[in-house]
Amino acid sequence: MEIKVHLSRPDITEAEIDAVCRVLRTPNLSLGPKPREFEQAFERYIGLKHAIAVNSGTSGLFLCAQALGWGPGDEIITTPFTFIATANIIMMAGAKPVFVDIDPETLNINPGKIEAAITSRTKGIVPVEVFGSPAGFDRICAVANKHNLTILEDSCEGLGSLLDGKKVGTFGKMSVFAFYPNKQMTTGEGGMILTDDDDLAAMCRSLRNQGRGTGPGWLAHERLGYNYRLCDINCALGIVQLSRIEEFVQKRNAVAKMYQQCLAGDERVAAPQVPVNCRMSWFVYVVRLADRYTQQQRNAVMEKLTARGIQVSNYFPPVYLQPFIAKQYGFRQGDFPVTDAVAKSTIALPFHNNLTPKEAQLVCRELKACLDEI
Ligand SMILES: *Cc1c(COP(=O)(O)O)cnc(C)c1O
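Below: a short report on this structure.

Each value, and the rule that gives it
Residues numbered from 1 in each chain as written. Predicted model: local features only at pLDDT ≥ 70, side-chain atom pairs only at ≥ 80, totals over all residues. Heavy atoms only, no water. Patch = residues over 30% accessible without salt bridge, like charges linked within 9 Å, V, L, I, M, F, W, Y side chains within 5 Å. Areas by Shrake-Rupley, 256 points an atom, 1.4 Å probe, with all protein chains shown as cover. Salt bridge = Lys/Arg side-chain N within 4 Å of Asp/Glu carboxyl O. Helix = DSSP H or I, 4+ residues; strand = E, 2+ residues; numbered from the N terminus. Buried < 20%, exposed > 50% of the residue type's maximum accessible area, 1.4 Å probe, protein only. Core = buried A, V, L, I, M, F, W, Y, C linked by side-chain atoms within 4.5 Å. Contact = heavy atoms within 4.5 Å. Near = heavy atom within 4 Å. Polar contact = N/O pair within 3.5 Å; in protein donor to acceptor, adjacent residues only side chain to side chain. Nonpolar A, V, L, I, M, F, W, Y, C, P; charged D, E, K, R; others polar. Phe/Tyr/Trp six-rings, centres within 6.5 Å; stacked < 30°, edge-to-face > 60°. Lys NZ or Arg CZ within 6 Å of the ring centre and 35° of its normal.

**Regarding a nonpolar patch on the surface**
Together, Leu31, Trp218 and Leu219 line one region of the surface with nonpolar side chains, adding up to about 380 Å² of accessible area. In this structure, Trp218 sits in the loop between α6 (198-208) and α7 (232-243). Overall, the relative accessible area of 46% leaves Trp218 in the partly exposed class.

Written out as structure tokens, the structure is:
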């Protein structure tokens, strides 16, 4: 079946194409001026002292875990309802991910359940603004502060969102954004670390660049490092995309509104709500089927939609039940019941800046038709 409505599409204009082409006419495809320019634009936008561009959100989060000194013997609290990278970077650093179930309203980690998971080995917490929503982050931060836990904010889904006027990416000691093409803005692949801490920033810059220090000597390496640099081509794209972020937030809000209107009044499917005190920068648009539907029925609806050319996804299957994680830590289905109940009910609908009213109506019509059939 040919795809009629795509799950996601980047928003690229002539300005982005020109910016990339201009870099291609220079000899500096990497290690040129664009990465620092991109970082400075981010520092201004977020309002933090240091931005460090890296080649993916995952590598950014991993560098933060390393810079924070998380390693074997440490426990890091996080959410089981997220993209796999959130848990992976904890494991990549050699630490143990300790999952805490989510709040059924915010879908973010439940602040009221964090304390019970804290042990003498707990070093930090990695909260996620899942689907773009910073709901409940004030309470998450309060618990972390009370117990002296360092927050590494996985902001990879939240660029442009605000809680009480405060930007996502400013809640943690460090935070990371990601620029894969389905995110609010894209660099193809890429990520950005943000922090106000000089030492952590310097460490990330070194780790990103083969462990080089700030001293002279290109082949002087102070520590074990990586090549997680983001090249000038990606950064040129990112500079233009970031300059359009408010336009993106507005376009995405308009699409969310179209869906909300089309879905209103059908008790079989719940549209996501804009949480109080939040300005949403929607990452994806995830509806939930009513509780009475089973996971099998949800899967059947997804298959039917796909067969009709509507591209959908099941964001997110519980991370703790991914086979390699369940096996390593002995998790079983039911360990995080709120996550299970949410995960079995979700359908991510096609969602991007330029989704038309016609497309949104088609998606909703087909969704309702598929629900009629099960
Ligand atoms: C997208 C994403 C990442 C990182 O993604 P990359 O593909 O490595 O850039 C990390 N965490 C979450 C929650 C994400 O959605």
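**Here's the deal with the nonpolar core**
One finds Tyr259, Leu263, Tyr285, Ile347, Leu349 and Leu367 to be the most contacted residues of the largest nonpolar core, which totals 32 residues. Taken together, the elements giving at least two residues each to this core come down to α8 (245-263), β12 (285-289), α9 (295-307), β13 (346-349) and α12 (357-373). Leu367 has contacts with Leu263, Val269, Val287, Val301, Leu305, Ile347 and Leu349, leaving out every residue within four places of it along the chain. Counting 27 residues, the second-largest nonpolar core is a separate cluster that includes Ile90, Val126, Ala178 and Cys204.

**Overview of the site of the ligand**
Around the ligand, a shell composed of 15 residues is seen, among which Gly57, Thr58, Asp154, Glu157 and Lys183 lie nearest. Contact distances for the ligand include 2.8 Å between a nitrogen atom and a side-chain N or O atom of Asp154. Note that an oxygen atom of the ligand is positioned 2.8 Å from one of the side-chain N or O atoms of Lys183. Protein chains shield 92% of the accessible area of the ligand, which is 390 Å² for the free molecule. At three residues, the largest contribution of residues to the shell around the ligand is made by helix α3 (residues 57-67). For the shell around the ligand, the residue count by class is six nonpolar, six polar and three charged.

**Digging into the packing of aromatic side chains**
Under the counting rule described, the total for this entry stands at 21 aromatic pairs. Judged by centre distance (6.0 Å) and plane angle (80 degrees), the rings of Phe81 and Phe316 are edge-to-face. One end of the pair, Phe81, is in the loop between β2 (75-78) and α4 (85-92); the other, Phe316, is in the loop between α9 and α10 (323-329), and 235 residues separate them in sequence. Note on Phe81: relative accessible area 0%, which makes it buried. Site record: aromatic cluster; members linked through ring pairs are Phe99, Tyr320, Tyr329, Phe331 and Phe336. Residue placement shows Lys166 over the ring face of Phe171; its charged tip is 5.0 Å from the ring centre. The ring of Tyr45 has Lys167 sitting right over it, with the charged end atom 4.6 Å from the ring centre.

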